[in-house]
Amino acid sequence: MEPFFTRYRNLLVLLVLLAAQIIGLAVQVRRTDSGRSSYDIADGPGVRLIRLWANALVTPAERLIHDAKLGVGSLWTGYLDLRHVHDQNQDLQKTIDRLRLEQASMLEDTKQGQRLQALLGFQEKYIYKTVVAQAIGTSGSDQSRVFYLDKGKDAGLEPDMAVITADGIVGKVREVFPHSAQVLAINDQSSGAGVILETTRIRGILRGNAAGQSQVVGVMADPRIKPGEKVLTAGGDQIFPRGLPVGVVEKVVRDPDRDSFVDVIVKPSAYLDRLDEVLVITSTEPRFSAEQDQDVATSEALKGVEAAAIKEQQKASQIMAERLPGLTDLNVPAAGAQAAGKPGEPGAAPGAATPPVPATPPTPKLLPAQHADRYSPGSYPAVVPAVDAKPKPKQNPVPAGQAKQVPVKAAPKPGDPAKPRRTQ
Amino acid sequence: MTVLGLSNRRELEIRRYPILIYALVPLTALVLQAWLPRLLHGYVWFDLPLVVTVYFALGRRNPVQGTLMGAGLGLFEDALTHHAIGVNGIAKTVAGFLAASVGVRIDVENHTIRLTLNFLLSLMCSGIYLFINRILLGLDLEWSWVTELLKAVGNSVIAAVLFPLLDRTQIRD
């Protein structure tokens, strides 16, 4: 008779491997306070070791491929494809000049803001130091939207650091290895970032869905939320500094689980699927960095006088605008003339000249109400005499059987105080 | 005339490959699986480690080897994600075992059968992945079966190209 273990060797190996992995999974998953399960955010030492091995095996090959691609790319862009470089250079120079001018003009406001923040005891944190890194690989799974950077602990990276591009936020550093780091993208299902809608000031949490879209979840239905509205970081998550661009509202869909809540689908500003170079914010401070200070000083030195002149000009224009009565439109007839009658019409004063009046924006006309009531515009006379709640002494009593006529004023006399209208 | 017994016939049909192929092909599959999505802008409609697992399991016809290879590649894939290690491992362990067990009973030279098997095992892996996450672990995971179907089709297409290429590397007596 064949021994048991030899006969069922295949099945036993399968069962042992499955059991070991299931036990391993049970260790890594924990029950949250809400009763739901979630992956343990902090990997245990054993799990971390496995990740380290896998990373050490894959990253060098990925780095090699990436460097080769960059080498070929730089050969092409740096030596061969140099058409229009001069024009681009000029355009960039113009852009720098414009930005320097803007920076110099905003310098005073910035300093004032900082002084006020210091007075209030509130300190806005600025991006103080960043590390440039290259995205070299992914997880290889659409269920796990993470990617790998070519910089790690050796470059000063640490978990929970924000990763951004010039376009917008990208994600946060999740795991740091000696020479590489794993970044959790904002469109992953387990990510979370505090965001705010720019116009409506509605706050929410940004996370990903199964399709890889970013969405702001847990938002009360609000008709003011429209596609195209900008979404910014709110700064409350202790990871992303406040005010960084996140994306724009793409559409609003109803939350399938909760009534009166909506999910705001956001189109990210950063190209999450085409990342090459990213910035890792390694430090935020309540002051500008030395580079930023130097940049501001340069802008002030180069464009400070010009910015001050523009500001003075703007101030003078503002003062003039305040003092002047307003723009006049000679084609618009006077309000007084309209009330008295148009020239040539009966009642019009002969030879009355129509003085110019300030041009006013057109007043929007209300549509007629379908079911008019006493609140509908036009259903009541312009001015109705006040009806006192208390009966007044009868001066001219109306004889019984005679219809009561309510006196209506044609127009209020100038200088008459408007009487309050009482309702019973 | 010599009549071959089942074990002898199996030995004759077992494919053998250079040791370098055993080492390089799975590693290349893992690296490409991690790198190609960057090139394809995030469209991960393939699972190269699964294709390689199925190929070697079918060729070797050894359930133990197929199981071990599936478990190793699956765990490796898990380690590159930020999810718990073992979900892909379990799915590919089962896939490797089934592929090798079926490989004993079918004609693995037939491309259509291999591609069909690849397609079905891809869908099965997706099902196991979903089962582990939703039922076994009770995780709140959104799911798209269309994506999984596309992934199964992608695996079959890749297998249609890769299997004949790998067939050329086998050692023939």
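Computed from a predicted structure; not experimentally measured. Throughout, residues of each chain are indexed from 1 in the direction in which the sequence is written. All chains are assigned letters beginning at A, and all ligands numbers beginning at 1, according to the order in which they are written. Selection of residues for local features in this predicted model requires a pLDDT of at least 70, selection of side-chain atom pairs for listing and counting requires 80 or more, and totals for whole chains, interfaces and linings are taken over all residues.

Caption draft 1: Broad picture of the sheet that holds strand 9 (residues 203–208) of chain A. All names here are of chain A. For two strands to be treated as a pair, DSSP must find at least two bridges joining them. To qualify as a helix, a DSSP run of H or I must reach at least 4 residues; to qualify as a strand, a run of E must reach at least 2; elements of each kind are numbered from the N terminus. Within the closed barrel, the 6 strands sit side by side as 8-9-10-13-12-11. Their pairing is antiparallel. Along the sheet, successive strands turn relative to each other by an average axial angle of 45°, direction set aside. Of the strand pairs in this sheet, strand 9 and strand 10 (residues 214–220) are connected by 4 bridges, and their pairing is antiparallel. Looking at strand 10, one finds that Ile 205 is bridged to Val 217. The axes are straight lines fitted to the C-alpha atoms, using for helices just the contacting stretch, and the angles between their N-to-C directions are given from 0 to 180°.

Caption draft 2: Here's a closer look at helix 2 (residues 19–39) of chain B. Residue and element names in this part refer to chain B. With 21 residues, helix 2 extends 30 Å between its outermost C-alpha atoms, agreeing within 8% with the 30 Å of an ideal straight helix rising 1.5 Å per residue. Considering bend angle alone, the principal kink of helix 2 is centred on Gln 33 and spans about 30°; proline Pro 37 follows within four residues of it. When helix 2 is considered as a whole, its buried residues turn out to be Ala 29, Leu 30, Val 31, Gln 33, Ala 34, Trp 35, Pro 37 and Arg 38. Each helix should span, by expectation, one fewer than its residue count multiplied by 1.5 Å. The angle separating two fitted axes, one through the seven residues that finish at a residue and one through the seven that start at it, defines the bend at that residue. Residues with at least 20 neighbouring C-beta atoms inside 10 Å of their own are called buried, those with 12 or fewer are called exposed, and the rest are partly exposed, where every C-beta is derived from the backbone.

Caption draft 3: Highlighting the nonpolar core. Any set of buried Ala, Val, Leu, Ile, Met, Phe, Trp, Tyr and Cys residues joined through C-beta atoms within 7 Å is what this text calls a nonpolar core. By size, the foremost hydrophobic cluster in this structure holds 49 residues, and its most contacted members are Val 51, Val 54, Ala 95 and Ala 99 of chain B. Of all the elements in the fold, those that place two or more residues in this core are helix 2 (9–28) and helix 3 (45–80) of chain A together with helix 2, helix 3 (48–60), helix 4 (63–80), helix 5 (87–105), helix 6 (111–136) and helix 7 (145–167) of chain B. Ranked by residues supplied to this core, first place goes to helix 5 of chain B with 10 residues. We call two residues in contact if the C-beta atoms placed from their backbones are at most 7 Å apart. For Val 54 of chain B, the residues in contact, after removing those within four places along its chain, are Ala 95, Ala 99, Leu 117, Asn 118 and Leu 121 of chain B. Within the second largest apolar cluster, 43 residues are counted, among which are Tyr 148, Val 176, Ala 234 and Val 266 of chain A.

Caption draft 4: View of helix 4 (residues 85–120) of chain A. Residue and element names in this part refer to chain A. Relative to the 52 Å expected for 36 residues at 1.5 Å per residue, helix 4 spans 49 Å between its end C-alpha atoms, a close match to the ideal helical length. Along helix 4, the largest kink reaches about 40° and is centred on Leu 107. Summarising burial for helix 4: 3 of the 36 residues are buried, a small minority. Residues of helix 4 that are buried sit in contact with helix 5 (290–323).

Caption draft 5: Region of the structure containing the environment of Val 108 of chain B. Positionally, Val 108 of chain B belongs in the loop between helix 5 and helix 6. When the C-alpha positions of Val 108 of chain B and Arg 61 of chain B are compared, they lie 9.4 Å apart, and in sequence the two are 47 residues distant.

Caption draft 6: Molecular detail of the environment of Pro 245 of chain A. All names here are of chain A. Residue position: Pro 245 is located in strand 12 (residues 245–254). Sequence spacing of Pro 245 and Ser 269 is 24 residues, and the spatial spacing of their C-alpha atoms is 6.9 Å. With near-sequence residues (within four places) excluded, Pro 245 lies in contact with Asp 167, Gly 168, Lys 230, Leu 232 and Ser 269.

Caption draft 7: Structural view of the packing of helix 5 of chain B against helix 6 of chain B. Residue and element names in this part refer to chain B. For the pair helix 5 and helix 6, interaxial distance at closest approach is 9 Å and the crossing angle is 145°. Note on packing geometry: the crossing formed by helix 5 with helix 6 is right-handed. Note on element contacts: helix 6 touches helix 5 through Leu 117, Leu 121, Met 124, Cys 125, Ile 128, Tyr 129, Ile 132 and Asn 133, opposite Val 87, Ile 90, Ala 91, Lys 92, Val 94, Ala 95, Leu 98, Ala 99 and Val 102. When residues are grouped by polarity, Ala, Val, Leu, Ile, Met, Phe, Trp, Tyr, Cys and Pro land in nonpolar, Asp, Glu, Lys and Arg in charged, and all others, Gly among them, in polar. When the residues that make up the contact of helix 5 with helix 6 are grouped by side-chain class, the tally is 15 nonpolar, 1 polar and 1 charged. Two helices that cross are described as forming a left-handed crossing if the nearer one is turned anticlockwise from the farther one by less than a right angle, and a right-handed crossing if clockwise.

Caption draft 8: Broad picture of the interface of chain A and chain B. Of the residues lining the interface, 44 residues belong to chain A; the matching set on chain B comes to 38 residues. Elements supplying a minimum of two residues to the side of chain A that touches chain B: helix 2, strand 2 (37–39), helix 3, strand 3 (126–138) and strand 7 (181–185) of chain A. Class assignment of the residues belonging to the side of chain A that touches chain B gives a composition of 19 nonpolar, 17 polar and 8 charged.

Caption draft 9: Quick peek at the confidence of the model for chain A. Residues and elements named next belong to chain A. For chain A, mean pLDDT is 77; residues scoring 70 or higher make up 71% of the total. Low confidence marks residues 335–361, where pLDDT is under 50. Its contacts with residues over four positions away, or in another chain, come to 29 contacts. Values of pLDDT, the confidence the predictor places in each residue, fall between 0 and 100. Note that residues 382–424 has pLDDT below 50 and, in this model, 14 contacts with residues that lie over four places away or in other chains.

Caption draft 10: Here's a closer look at unusual backbone geometry. Residues and elements named next belong to chain A. Backbone geometry at Arg 201 places phi at a positive 60°, although glycine is not the residue there. Relative to the helices and strands, Arg 201 resides in the loop between strand 8 (193–197) and strand 9. For Arg 201, a count of 9 C-beta atoms within 10 Å translates into the label exposed. Despite not being glycine, Gln 238 shows a phi value in the positive range, around 65°. Looking at the secondary structure, you find Gln 238 in the loop between strand 11 (230–233) and strand 12.

Caption draft 11: Focus on the environment of Leu 197 of chain A. Checked against the element boundaries, Leu 197 of chain A lands in strand 8. In contact with Leu 197 of chain A, other than residues within four places in its own chain, are Ile 202, Ile 225, Glu 229 and Val 231 of chain A.

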